[in-house]
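Residue-level structural notes
One-letter residues, chain by chain:
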Amino acid sequence: MAETGTWWALLVAPAMLLGFAAAALAADAALDARNAGRPITVSTVVRPFLAVPRAVLAQPRRLPASDRLLWRAGVITVPVAAVLSTLVIPFGDHVVADLSVGVVWFNAMEVLTWAGLWLAGWGPNAAFSLVGGYRFLAQGLAYELPLMFALISAATGAQSLRVTDIAGAQHGLWYAVWMPFAFVVYLAGVLAFSFLGPFAYPAGRDVAEGVLGETSGVDRLLLEAGRWLWLAAGAAMAVPLFLGGGAGPGLPPWAWSLVKTLLVLAALVWTLRRLPMVRADRYVELAWVVLLPLSVLQTLVPALTDLSL
Amino acid sequence: MDTTGMVLLWVLGVLALVGGVLVFTLNSMARVTFALLGSLVCVGGVVAVLRLPYLGVVIVLMMVMEMVIMAVFMIAYMMNPAGLMPMSMLHNKRGSLVVSGLVFAALVAGIFLVPWPDRTGARPRDTTFQVGMSLMGDQMLTMVTLGFVLLATMVGATVLATHRGRYDRFGDDLDQRPANDPADGGVGR
């Protein structure tokens with residue numbers, strides 16, 4: 001059903017991801033302006049993108065005894081992993097690489113962010129960055145297992161790890177409808193691995209922006225881009241996993257994918273401004289004591305449904 | 001296996017070895033940990049090229065998580081002072097050379113001595129399913145037992161390692177609410 005493997009898809013997928021990320025950033029800037037009582041004009045929406053040429057032209061900050069190799073590797077890993085995760089995400093009926101283990105691939109790329117952010121925290125040889133890197137790991141230990149069970153719920157429902165199979169298995173009834181808890185946990189996981197909003201703890205203001213604090217110029221740009229690229233990738237993945245992929249009446253599949261991705265992205269951008277930042281030591285207890293058992297129970301629902309069919 | 005597969009196999013194999021060598025030649029705990037991670041990711045790639053995509057990608061997934069957590073503990077607990085200074089992974093050089101030489105010789109001998117089976121039947125289309133069946137089909141009892149043993153080990157080790165018990169948390173009559181914890185939890189137990 002899904003078309004794969006045309007060479008230009010390799011270029012289009014990252015470009016579209018960048019477009020979604022830019023849309024999310026622009027929406028965030030617009031909401032900022034509205035909250036501040038300023039009029040929302042074109043310049044409010046464009047303003048955050050002025051940081052791009054500024055970052056490219058900025059003189060890089062040098063620090064004594066920094067581990068530049070590891071720092072650079074970490075900074076590059078975050079956005080690159082976000083882009084690689086989109087290889088398996090179908091858009092309409094197109095997908096770059098329809099891997100038989102697509103869900104695991106997405107998960108593996110997301111976990112690369114752990115390594116990337118820890119390295120980005122370690123590299124500069126600065127206390128607050130290091131604290132930020134460790135904070136992401138603490139947060140990772142909290143959000144990762146419920147997120148994995150949310151992914152497993154969708155995969156169990158479709159009895160396949162192939163993302164296009166999961167999208168195709170939801171004819172009529174979306175997984176978001178009969179696995180609502182997995183959907184919510186997945187969306188919380190998306191906010192957590194893009195360390196935005198309530199999960200901005202690794203880059204919190206209380207530690208002078210943590211992992212981001214010592215970065216400057218292109219490094220800073222790559223890490224900030226990585227955040228929004230991950231938000232966009234997570235929103236795009238939610239569509240085939242829980243919202244039936246490109247299926248829908250009237251419109252062609254690509255249009256439905258576009259509409260659904262934008263809606264999920266809008267919901268995420270709205271949410272990340274509504275919730276206060278949560279400390280990892282508080283979230284880890286909630287995650288392990290409340291979310292994890294409920295996630296296991298949620299996985300039981302599609303498992304028992306599979307058995308009874 | 002086609003040419004691309006062979007080339008990938010060799011490149012990943014050599015890179016895995018290079019990562020392994022770097023583990024013992026670099027002098028920073030962080031770099032050593034991530035050299036080992038690079039090596040293990042290449043091993044995951046090798047497994048994926050050998051047409052076990054699930055195991056390959058899962059190796060990458062698990063090893064990234066494990067090695068990042070490992071880095072935290074290695075830097076916190078290993079070496080003096082605390083993994084932050086230049087260090088070496090080589091200890092007891094003569095003894096470990098003998099041990100590793102013997103193990104290497106035994107493994108190489110194993111390659112040539114083991115009567116490797118020939119392929120019977122056709123190659124399965126989806127090896128993920130076969131792996132799942134062989135682990136969870138006949139070996140279900142083994143897997144369930146292993147799971148409980150692992151869980152019991154983890155819980156037991158944590159209980160032995162922590163110096164605070166429920167009487168420290170809830171008081172002598174276990175009636176103190178909320179619990180007296182050094183750090184508040186998220187759900188107010």
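Residues numbered from 1 in each chain as written. Chains lettered and ligands numbered in written order. Predicted model: local features only at pLDDT ≥ 70, side-chain atom pairs only at ≥ 80, totals over all residues.

A look at the overall build of chain A
Helix and strand content of chain A: 13 helices and 2 strands. The C-alpha radius of gyration computed for chain A amounts to 19 Å, which stays within 12% of the reference 19 Å derived for 309 residues, consistent with globular compactness. Projected onto the principal axes, the alpha-carbon positions of chain A cover approximately 65 × 45 × 40 Å. When burial is assessed residue by residue, chain A has 52% of its 309 residues classed as buried. (Helix = DSSP H or I, 4+ residues; strand = E, 2+ residues; numbered from the N terminus. Rg over C-alpha atoms; globule rule 2.2 N^0.38 Å. Buried ≥ 20, exposed ≤ 12 C-beta atoms within 10 Å, placed from the backbone.)

Notes on the interface of chain B and chain A
Across the contact, 23 residues belong to chain B and 25 residues belong to chain A. Elements with a contribution of two residues or more to the side of chain B that touches chain A: α2 (29–49) and α3 (53–77) of chain B. No other element matches α3 of chain B, which puts 12 residues into the side of chain B that touches chain A. Across the side of chain B that touches chain A, the residue classes break down as 17 nonpolar, 4 polar and 2 charged. (Contact = placed C-beta atoms within 7 Å. Nonpolar A, V, L, I, M, F, W, Y, C, P; charged D, E, K, R; others polar.)

Thoughts on unusual backbone geometry
At the junction of R177 of chain B and P178 of chain B, the peptide bond is cis and its omega measures out at -5 degrees in the coordinates. Mapped onto the elements of the fold, P178 of chain B is located in the segment after α7 (166–170). Positive phi, close to 60 degrees, is recorded for N125 of chain A, a residue that is not glycine. Note that N125 of chain A resides in the loop between α5 (102–122) and α6 (127–158). Owing to 16 C-beta atoms within 10 Å, N125 of chain A belongs among the partly exposed residues under this scheme. Positioned with a positive phi, F195 of chain A is a non-glycine residue whose angle comes to about 35 degrees. For F195 of chain A, the position within the fold is in the loop between α9 (180–193) and α10 (210–213).

Regarding the domain arrangement of chain B
Assigned domains of chain B: these are domain 1 (1–93) and domain 2 (139–189). Between domain 1 of chain B and domain 2 of chain B, the C-alpha centre-to-centre distance is 32 Å. (Domains from an automatic or database assignment.)

Looking at the nonpolar core
Membership of the largest hydrophobic core comes to 127 residues, with the highest contact counts inside it found for Y186 and A232 of chain A together with V64 of chain B. With 17 residues, the single largest contributor to this core is helix α11 (residues 217–242) of chain A. If we skip the residues at most four places from it in the chain, A232 of chain A touches L17, F20, A21, A24 and L265 of chain A. (Core = buried A, V, L, I, M, F, W, Y, C linked by C-beta atoms within 7 Å.)

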